[in-house]
Amino acid sequence: QGQEEEFDISPDSQVLITEPKDGAYAYVHYFALNDIQARGYLRQYCLCYITSTPSKLTDNFEKLQKDFFEVTALFKCGNHRVFGKDLEHRLADLEYSKELLETDNEEIESDIPEYDCQTEDIPETNLQVIIKDISYVNNIMKSISQEMRKESNVRIQQWIETNRLLMRVNEGAVSDSFVKAAGNSRFYTTHNFTRERVETNATEGYQPKRVMAHLAQRFSRQLRSLDELSVGSFSLAMSALKDIHKKYSQSDIALQVEQM
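Let us now look at the overall build of the chain. The secondary structure content of the chain amounts to 9 helices and 3 strands. In sequence order, the secondary structure elements of the chain are arranged as β-β-β-α-α-α-α-α-α-α-α-α. Counting the 260 residues in the chain, one finds 39% classified as buried. Within the structure as shown, the chain displays about 15,300 Å² of accessible surface, and the carbon and sulfur contribution to it stands at 50%.

Now for the pattern of salt bridges. Across all of its chains, the model carries 9 salt bridges by this definition. Between D12 and K76 there is a salt bridge, with the nearest N and O atoms lying 2.5 Å from each other. Taken together, the residues span a long stretch of sequence, with D12 in the segment before strand 1 (13-19) and K76 in helix 2 (residues 61-110) at a distance of 64 residues. Across the pair, exposure class does not vary: D12 and K76 are buried alike. Residue R43 is joined to D35 by a salt bridge in which the shortest nitrogen-to-oxygen separation is 3.0 Å. Each member of the pair R43 and D35 is classed as buried.

Conventions we followed
Within every chain, residues take consecutive numbers counted from 1 along the sequence as written. Residues qualify for local features only when their pLDDT is at least 70, as the model is predicted, and side-chain atom pairs are given and counted only at 80 or more; totals for whole chains, interfaces and linings, by contrast, use all residues. With hydrogens and water excluded, all non-hydrogen atoms of the structure serve as input to the side-chain values. Each helix is a run of H or I in the DSSP string that is no shorter than four residues. Each strand is a run of E no shorter than two, and both are numbered from the N terminus. Only protein chains enter the accessibility calculation, which uses a 1.4 Å probe. A residue is then buried if its area is under 20% of the maximum for its type, exposed if over 50%, and partly exposed in between. We get accessible surface area from the Shrake-Rupley algorithm with a probe of 1.4 Å; when it comes to residues, only the shown protein chains can shield them. The term salt bridge refers to a side-chain nitrogen of Lys or Arg lying within 4 Å of a carboxyl oxygen of Asp or Glu.

Quick look at the structure:
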């Protein structure tokens, strides 16, 4: 997605792939996560279930869709929180750079002959791009915020947080009564849950750095792993994937009996 385009949340897609000669049949589920370090801020991923029994796929296609959608929803909820924080930092960098460039402009206007620079380093040129970047990042943040406010995403976030609290109960970090109280709190039943998870302390303690406009689209950093992009929900998503594997590893007859 380029900056001239409106930022959209990439939807999931599915396809069935058959290789009769090899006796292999696959349900393939494509999804995307947002990454501030990736081109277009998107990372494409694929999950699939491969079987030698084609009827498992054709007879259970809708259920496979539903099960895999639940897994990707978990990945995405954790990802939205990570991406939201990254965007907060990016915006802080851009605002800080804009202030410095405006100061640079004043210095050039007062003493042009003594300012020697390359065309790409001219503050006025950089400032125009930075301002455009700020608008683009704000639009992305609006899209992410709207996505996280959806009722389905709020429920998933509630489930993620409750599971995390239960894990801490098992570790003795918090009490069981605290989990029960949190589960019944208005904090989890309104969009404030997702807003607070993204916005609270997102920039606290972060030191903005100057970014040059002509370097904005250089991608020399190593891309983060899936667990780094879905902090807080990765383990739950992987657990759900294991449940899917266990479920569909049953015989075709056993799956049919489950649906009765």
